[in-house]
Amino acid sequence: MVEHGDIRVVHRGGIARYCRFLCERGIFCCCRFLLCGSGYEVKVFSTSTEECIHDLRAHTDLVTGVLLRPSNHLQAYSCSTDGTVRLWDYTDGILIKTYVIGYPIYSIYTSANHSGVLFVVTPTSDKRSEFQLVAVHLPQSGDQLVEAREFSAVLSDVSSNPAATSFGRGGEYIASAKGLQLEVYFFKKQKFFLKEDNKKGGKNTFTCLACHPKDDCIATGHEDGKIRLWRNFNHKKEYTYTTLHWHHSAVSSLCFTPEGTNLLSGGIESVLVQWRYNQESQRDFLPRLGAAITHIAVSPDGALFCTSHSDNKITIIRSSIQVSAVIQGLVKGDSVRTDLMVDPRSKALVLNGKPGHLQFYSLQRDKLLYNLDIVQQEYIHQSGLEQFEVVKAAFDAYGNWLATVEERKQKPTELELNLKLWAFDEQTQSFMLNTTISAPHEARITAMCFCHSTDSQTTVLVSVSKDGHFKAWQLAPATHTEGPSWSCDFVGAYHSLVPECCCFSADGSLLAVSFQEVVTVWSPASWELLTTLSQPPGAIRNLCFGQLTCSKYLLGTTDKNLLCCWNLLTCSLEWSTSMDVSLLLSDPFSENMAAFCCQAGCTDLFVFKPSEPRPLFSHKAVCLGKVTRAVFAPREKMLESCEETSQWLNHSQLYFVTQYMVNTQHNEATWHYSREALKNMGLCIRIFTDTFLVYKSVYRLRWLMS
Amino acid sequence: MASFKPTKIPIYPKLGEKVTQDTVYWKNYKAPVQIKEFGAVTNIHFSPVAPHNYAVTAFTRIHIYGPFSQEPVKSFTRFKDTAYCGRYRSDGQLLVAGCEDSVVRLFDVSGKVALRMFKGHTKAVHVTDFTSERYHIFTGSDDYTCRLWDIPNATELNTYQEHTDYIRCGVTSKLNRDLFITGSYDHTLKLFDARVDKSVITMDHGQPVESVLLYPSEGLVVSAGGRYVKVWDLLKGGQPLVSLKNHHKTVTSLCLSSNGQRLLSASLDRHVKVYNTTNFRVVHNFDYAASVLSLALAPDDESIIVGMTNGVLSIKHRKSPEESKEVSHQQRRRPSYRVFVKGKNYMPKQDDYLVSKPVREYLTKYDKHLKKFNISKALDSALKPEVTVAVIKELDRRGTLKNALAGRDEKALSELLHFITKNMVDFRFAPVLVPAANMILDIYRSVIGQSPVVDRQLLYLQDLLQKEINYQQELLDVLGMLDTLFASSVPRKELLSQPHSDSFMLFVYFKFKTKNSKEIKKKGERNI
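Thresholds applied
- Along each chain, residues carry numbers from 1 onward, in the same order as the chain's sequence is written.
- Chain labels run from A onward and ligand labels from 1 onward, assigned in the order the entries are written.
- Per-residue local features of the predicted model are confined to residues with pLDDT of at least 70, and side-chain atom pairs are confined, for both listing and counting, to 80 or more; whole-chain, interface and lining totals are unaffected and use all residues.
- Computation of side-chain values covers all heavy atoms of the structure but excludes hydrogens and water.
- UniProt positions are given in the numbering used here, feature names are shortened, and annotations may be inferred rather than shown by experiment.
- Numbering of helices and strands runs from the N terminus, with a helix taken as a DSSP run of H or I at least four residues long and a strand as a DSSP run of E at least two residues long.
- Each residue's exposure class comes from its accessible area (1.4 Å probe, protein chains only) as a fraction of the maximum for that residue type: buried when under 20%, exposed when over 50%, partly exposed otherwise.
- In this description, accessible areas are obtained by the Shrake-Rupley approach with a 1.4 Å probe, and a residue is regarded as covered only by the protein chains that are shown.
- Contacts are residue-level and defined by heavy atoms, with any inter-residue pair within 4.5 Å sufficient.
- The rule for a salt bridge is simple: a side-chain nitrogen of Lys or Arg has to be within 4 Å of a carboxyl oxygen of Asp or Glu.
- A pair of Phe, Tyr and Trp rings is counted when the ring centres sit within 6.5 Å of each other, with Trp represented by its six-membered ring. The angle between the planes then sorts it: under 30 degrees is stacked, over 60 is edge-to-face, the rest tilted.
- Any two strands with at least two DSSP bridges between them are considered paired.
- Every axis corresponds to a line fitted to the C-alpha atoms, with the helix fit spanning only the stretch in contact, and the corresponding angles, defined between N-to-C directions, vary from 0 to 180 degrees.
- Put simply, a nonpolar core is a bunch of buried Ala, Val, Leu, Ile, Met, Phe, Trp, Tyr and Cys residues held in one set by side-chain atoms that sit within 4.5 Å of each other.
- A 3.5 Å cut-off defines polar contacts: any pair of N or O atoms within that distance qualifies, except that in protein one atom must be a possible hydrogen donor and the other a possible acceptor, and neighbouring residues in sequence count only when both atoms are side-chain atoms.
- The pLDDT value tells you how sure the predictor is about a given residue, anywhere from 0 up to 100.
- In a helix, the anticipated span is given by 1.5 Å times the number of residues less one.
- Each helix crossing is assigned a hand: it is left-handed if the near helix lies turned anticlockwise from the far helix by less than a right angle, otherwise right-handed if that turn is clockwise.
- Under this grouping Gly is polar, as are all residues other than the nonpolar Ala, Val, Leu, Ile, Met, Phe, Trp, Tyr, Cys and Pro and the charged Asp, Glu, Lys and Arg.

An unreviewed UniProt entry lists chain B under the name U3 small nucleolar RNA-associated protein 15 homolog, from Sphaeramia orbicularis. Quoted verbatim from the Subcellular location (unreviewed entry) heading of the UniProt record, the comment on chain B is "Nucleus, Nucleolus". Recorded under Subunit (unreviewed entry), the UniProt text for chain B is reproduced unchanged: "Part of the small subunit (SSU) processome, composed of more than 70 proteins and the RNA chaperone small nucleolar RNA (snoRNA) U3. May be a component of the proposed t-UTP subcomplex of the ribosomal small subunit (SSU) processome."

Where an unreviewed UniProt entry is consulted, chain A appears under the name WD repeat domain 75, with the organism given as Sphaeramia orbicularis. The record in UniProt for chain A states the following under Subcellular location (unreviewed entry): "Nucleus, Nucleolus".

Here's what the structure looks like:
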């Protein structure tokens, strides 16, 4: 149980969707609802309003598939790796029945021809990496919880990818592809192989397949971007196929419309292609959907299509190939390279979003507000291309200015850097590009911060780069021909050492820049070097000024396990302690500082005041892995907690990202644990009563990821 | 669904285009009026009295133009051969001119026939002028002599036979009736005093002297010859003060602005340059269509008249204050509000069904090609250097630059090479063009030697790079010297460099240029 009363780690990030299974098993009902597995639950969305209507929660592990019940279209099956299949009434959000299978289930299929039978993919008992397709006969029983015992193996050695298996012609046969082999199992006769020859060393591995609903035709997608339509496969060795080629890389999903008139395909190009069946030269395209298409689904009446994307998004498309709705969660980027930030105006969390964008995510409403296009370039969906990435961003004190750094690195010598400054526009309520400085430094920018003074008229931005210089940028006043723009005000260096981090004091009167082992303190008014502080050995890793009453302290951490606190009035070391701090940050709304220490694979959290080296609060093993970014976000309503250990959360909440996910640390009376993965797969949102379970699920996830 | 994002064309800072008071002043002229004369315009001279007509000597005629007329108000055509050097007297009443037939003619500006004919020279007379007391004429001729004539008697007063080549320019003093200066093709300038029988000062210009000019104070004399403009101090006995070499062809004519603060020189290289006479730096430059032979400025710089070898007389009038304002006013004027709201202020009636018109996005040609992934066409359809470089950058980002550069025929490749050689040394474009040039060399390595056109361009490219490397080497040397100077002069301080100091910029500029150029140089050698 939790030892610290009411302080919890909550994992969150909005609509966490289990993308892999979303669209293959995401289903439409009467064109009004969209069901998708999302972490530990099944979400029901309205296709018209994009709102989430129900969260169907009961599974205790990842939901791997959702399927409409063929005999009753108001009910749906869901399967999970916890070894159960559950039957739901999704319009009311009620759990009807639970079938216990006993093995982790990776996908589920059913057909109208086989009533009372479910086909599930489970691992073969001896090897976890091999999977088999099993028919499960559902027992007729009135109980809520039923254990299914009647299994019969249909196919062995199948792919666990749900897109690689499909029923054909209303359930007459089932087709499954794995590697270079396509298997067709006729329920009346026997099974039958189609073997793909690996001609000319081409990459023609199967990636997905779809069966025509009326015809004897199987469409398969391949690694090299080709689509093949197989026919005449009911007679041995006489099968034929035709090849369609438009995609330039692997086809990730295929789907026939219910009448079989059109075939939809998608891949990494993020273009939805609609092929006319039997007139394959006629194609319709829906380009620029935003991110790679992972799955495609079609509503039973064929009026709506939906695509799921690799960036945690579902697009609902009308059959006339027009986007009608977008359901977007916290955008899953490749990695979070910017700091976590809080927009001072909207109080939204800001971090990397779509490639080349910053996302503004409202923490209060748990909703994506908007994506700000930083790079302003056409994104080319092609693997192996080096694109511009937003690597640094900073807000000024009032949210009037946003500074971003984007970089593109093709070869070590050819680093392209752009520093952009954005002004907040009251009219459009968004940031407008004000100044672009190309190649502001000769090497990577390692830190950037705005002067946070409240009274000064001029805004100063300081950027610190590996080229050995730090530069101060200042807003030049407007001339008669053009508005105000930014220009370089000062270039500083110290003994040709490489600077690492920079920090402004709370009132903006001091700037601290660390040069390896030395901390230099400058006066931004005259750009004079005031003093230097150092505590060798060990290069400075983090620098932080104290806030409010502790603003006379400057704290630094070194990579030789030392946390130092200097008093700037006496220019001497106040105290130091031996800690391997990986991240140090100060709460702008109180005197408190938070330090994350990484030890033996877990991270510990310490909260303290700079005036004394005693921690106010400490939490061992807050999370697994290293905490990479963290931020204090202000609370909407102040709490009035008097307990010493939780007082530090009265004004703000602490959010942090580990290598895998976004977390938040705050105190709540409820025992809700929501969980979200940013990094690899979507996670789930789930009610728990025990922290132990949370960590257990993390282990499981890591196992899944590896 | 997002729409296609067009390629961003970065705005580069303009180099060397500084707006100074001089550029504002000398740019404030209207578009030139061009008048075609019968032959090359060899001399232009303004009448010293209002309304400041000017005499234009071209071929066998002298035309007199009024300050605003585009037709000659008067012509003197009674020359047997090419006329030279039509000059007004200081009262504007008389005009003197030399001629190829060695006769010097004197005209009354209101008459037509010559008042006097001075015969005595044996060859063409290229220089004529009135002395300051108005009753004498000084002439210089191709027979190596210069003479003084008396107007009332039409007699020769004196002959000076000191030059050893043609006398092609000369000027009389406005303050002293006895002094005049001649310039000759024997590379010398001579100051003569009529009171003695020989020259008093000789100055060696070093080049055949084409034009000579006295300062209003008459302490300094300016001579032009060859590519050089030289200034001499007469009060120090003809000591050279400055030598200017800003033209790349022979300087033909000199002129001072009305306030004496600016010196203008015209040259066969089709430029007219304006110098500041305090530091003798070029402050402005005019371009003309043909080689300039003669140049004159109206009083108060009201107009610039230039005569060219192709017989065109170009007249630029100064804009009046209202006009210069009017132009900027016109630029600022926009279509009236009505134009914008046309049709948009229509209020829909109650039952009207509104059909919104989709906003059409306009893409430039290269963006249309990029949208369709027609990469080679996109590269070919970009025209301006900034745009081409931006498109190359975009193609590089897409990883398709190699494909866009490959598969070109001789013509397309030579166009591409031409662009690269033209723009590669521009440091704004170098980071993009150097890898592109490398790629071209890689792609077309196997076919080098098949096309003489391409080979020539490649050799030129190699030459260019060698020059650039030498240039940078030199500048790095200078930088090293500067660094030692700074290190010794500046007390040891923590701040190393100021952001906008020249040496810092220079340093940044060279650091990356040298690196890139050397790289490509190596490659070029390997391939060619």
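Having seen the model, we can carry on.
A. Structural detail: the overall build of chain A. Regarding its fold elements, chain A presents 2 helices and 59 strands. When the 706 residues of chain A are sorted by exposure, 58% land in the buried category. Accessible surface computed for chain A: about 28,300 Å², of which carbon and sulfur atoms make up 49%.

B. View of the overall build of chain B. Assigned secondary structure in chain B consists of 11 helices and 28 strands. The buried share of chain B, reckoned over its 528 residues, is 48%. When contacts within chain B are restricted to residue pairs at least 6 apart in sequence, those whose partners lie at least 24 apart make up 47%. Surface exposure of chain B reaches about 28,400 Å², of which carbon and sulfur atoms provide 54%.

C. Representation of the pattern of salt bridges within the structure. Across all of its chains, the model carries 37 salt bridges over all chains by this definition. Between R276 of chain A and D284 of chain A there is a salt bridge, with its nearest N and O atoms 2.8 Å apart. Among the residues examined, R276 of chain A registers a relative accessible area of 27% and is labelled partly exposed. For E394 of chain B, the salt bridge identified is with R398 of chain B, shortest N-O distance 3.0 Å. Here R398 of chain B and E394 of chain B lie together in helix α6 (residues 385–398), a separation of 4 residues that amounts to about one turn. With relative accessibility at 4%, the residue E394 of chain B sits in the buried group.

D. The packing of aromatic side chains, seen in detail. Summed over all chains, the structure comprises 41 aromatic pairs over all chains. Consider the rings of Y494 of chain A and F515 of chain A, whose centres lie 5.7 Å apart with planes at 40 degrees: the pair is tilted. In this pair, Y494 of chain A sits in the loop between β42 (485–492) and β43 (499–504) while F515 of chain A sits in strand β44 (residues 511–515), placing the two residues 21 residues apart along the sequence. When sorted by exposure, Y494 of chain A lands in the same class as F515 of chain A, which is buried. Ring centres of F76 of chain B and F107 of chain B lie 4.7 Å apart, and the angle between their planes is 40 degrees; on these two criteria the pair is classed as tilted. Taken together, the positions of F76 of chain B in strand β5 (residues 72–76) and F107 of chain B in strand β8 (residues 104–108) put the pair 31 residues apart, joining distant regions of the chain. A relative accessible area of 0% places F107 of chain B in the buried class.

E. Quick peek at the sheet that holds strand β11 (residues 136–141) of chain B. Residues and elements named next belong to chain B. Strand order across the open sheet formed by 4 strands is β10-β11-β12-β13, with antiparallel pairing between neighbours. Only two strands of the sheet have a single neighbouring strand rather than two, namely β10 (125–130) and β13 (155–160). Ignoring strand direction, the axes of neighbouring strands in this sheet form an average angle of 20 degrees.

F. Just the nonpolar core, in detail. All names here are of chain B. Judged by nonpolar contacts, the single largest core of 38 residues is most densely connected at L379, L395, M424, L433 and I440. Going through the elements one at a time, α4 (365–371), α5 (375–381), α6, α7 (401–405), α8 (410–423), α9 (430–443) and α10 (452–489) are the ones with two or more residues in this core. Here the element with the most residues in this core is α9; it accounts for 9 residues.

G. The pairing of strand β53 (residues 602–608) of chain A, seen in detail. All names here are of chain A. The element β53 is extensively covered by neighbouring structure, given that 6 of its 7 residues are classed as buried. The sheet contact formed by strand β52 (residues 593–599) and β53 spans 7 bridges and is antiparallel. Paired with M593 across the two strands is F608, which belongs to β53. Counting the residues between successive antiparallel strands, the hairpin from β52 to β53 contains 2 residues, one of them, A600, with a positive phi of roughly 50 degrees. Pairing between β53 and strand β54 (residues 615–624): 6 bridges, direction antiparallel. Of the residues in β54, the one forming a bridge with V607 is F617. Linkage of β53 to β54, two consecutive antiparallel strands, is achieved through a turn of 6 residues.

H. Inspection of the side chain of R398 of chain B at higher detail. A relative accessible area of 2% places R398 of chain B in the buried class. Polar side-chain contacts of R398 of chain B include one of 3.2 Å to the backbone oxygen of L370 of chain B.

I. Representation of the confidence of the model for chain B within the structure. With 87% of its residues at a pLDDT of at least 70, chain B reaches an overall mean of 84. Confidence over residues 493–528 of chain B falls short of pLDDT 50; this stretch has 65 contacts with residues more than four positions distant or in other chains.

J. Layout of the sheet that holds β44 of chain A. Residues and elements named next belong to chain A. On the basis of which strands lie adjacent, the open sheet formed by 4 strands has the order β43-β44-β45-β46 and antiparallel pairing. Single-partner strands in this sheet number two, and they are β43 and β46 (528–534). Looking at each pair of strands side by side, their axes are set apart by 20 degrees on average, direction ignored.

K. Focus on the environment of H284 of chain B. Residues and elements named next belong to chain B. Structurally, the position occupied by H284 is in strand β25 (residues 282–287). Taking the C-alpha atoms as reference, H284 lies 5.9 Å from K273; in sequence the two are 11 residues apart. Apart from the residues within four sequence positions on either side, H284 is in contact with T23, W26, K27, V272, K273 and V274.

L. A look at α6 of chain B. With 14 residues, α6 of chain B extends 20 Å between its outermost C-alpha atoms, agreeing within 8% with the 20 Å of an ideal straight helix rising 1.5 Å per residue. Taken across its 14 residues, α6 of chain B has 11 buried, putting it largely inside the fold. Regarding α6 of chain B, the residues found buried are V387, T388, V389, A390, V391, I392, E394, L395, D396, R397 and R398 of chain B. Residues of α6 of chain B that are buried in the fold lie against β36 (401–409) of chain A together with α4, α5, α7, α8 and α9 of chain B. One or two residues past the end of α6 of chain B sits G399 of chain B, with phi positive at roughly 75 degrees.

M. Inspection of the confidence of the model for chain A at higher detail. All names here are of chain A. Per-chain confidence: chain A averages 79 in pLDDT, with 84% of residues scoring 70 or above. Confidence, expressed as mean pLDDT per element, reaches its minimum in chain A at strand β59 (residues 685–687) with 25 and its maximum at strand β25 (residues 272–276) with 93. Low pLDDT, under 50, characterises residues 662–706; the predicted model gives this stretch 150 contacts beyond four residues in sequence or across chains.

N. Up close: the packing of α8 of chain B against α9 of chain B. All names here are of chain B. The geometry of α8 relative to α9 is characterised by a closest axis approach of 10 Å and an angle of 145 degrees between their N-to-C directions. Taken as a pair, α8 and α9 cross one another with a handedness that is left-handed. For the pair α8 and α9, the contacting residues are L413, L416, L417, F419, I420 and N423 in the first and L433, A437 and I440 in the second. When its residues are assigned to classes, the contact of α8 with α9 shows 8 nonpolar, 1 polar and no charged.

O. Inspection of the pairing of strand β26 (residues 292–297) of chain B at higher detail. Residues and elements named next belong to chain B. Counting buried positions over the 6 residues of β26 gives 5, a clear majority of the element. By the bridge criterion, 5 bridges tie β26 to strand β27 (residues 303–308) in an arrangement that is antiparallel. Looking across to β27, one finds that V292 is bridged to M308. Linking β26 back to β27 in an antiparallel pair, the connection comprises 5 residues, with D300 at a positive phi of about 60 degrees.

P. Seen up close, the packing of α6 of chain B against α9 of chain B. Residue and element names in this part refer to chain B. Relative to each other, α6 and α9 sit at 65 degrees, their axes nearing to 10 Å. Here α6 and α9 pass one another in a crossing that is left-handed. Here α6 contributes V389, I392 and K393 to the contact with α9, which in turn contributes V432, L433 and A436. Its residues placed into classes, the contact of α6 with α9 shows 5 nonpolar, no polar and 1 charged.

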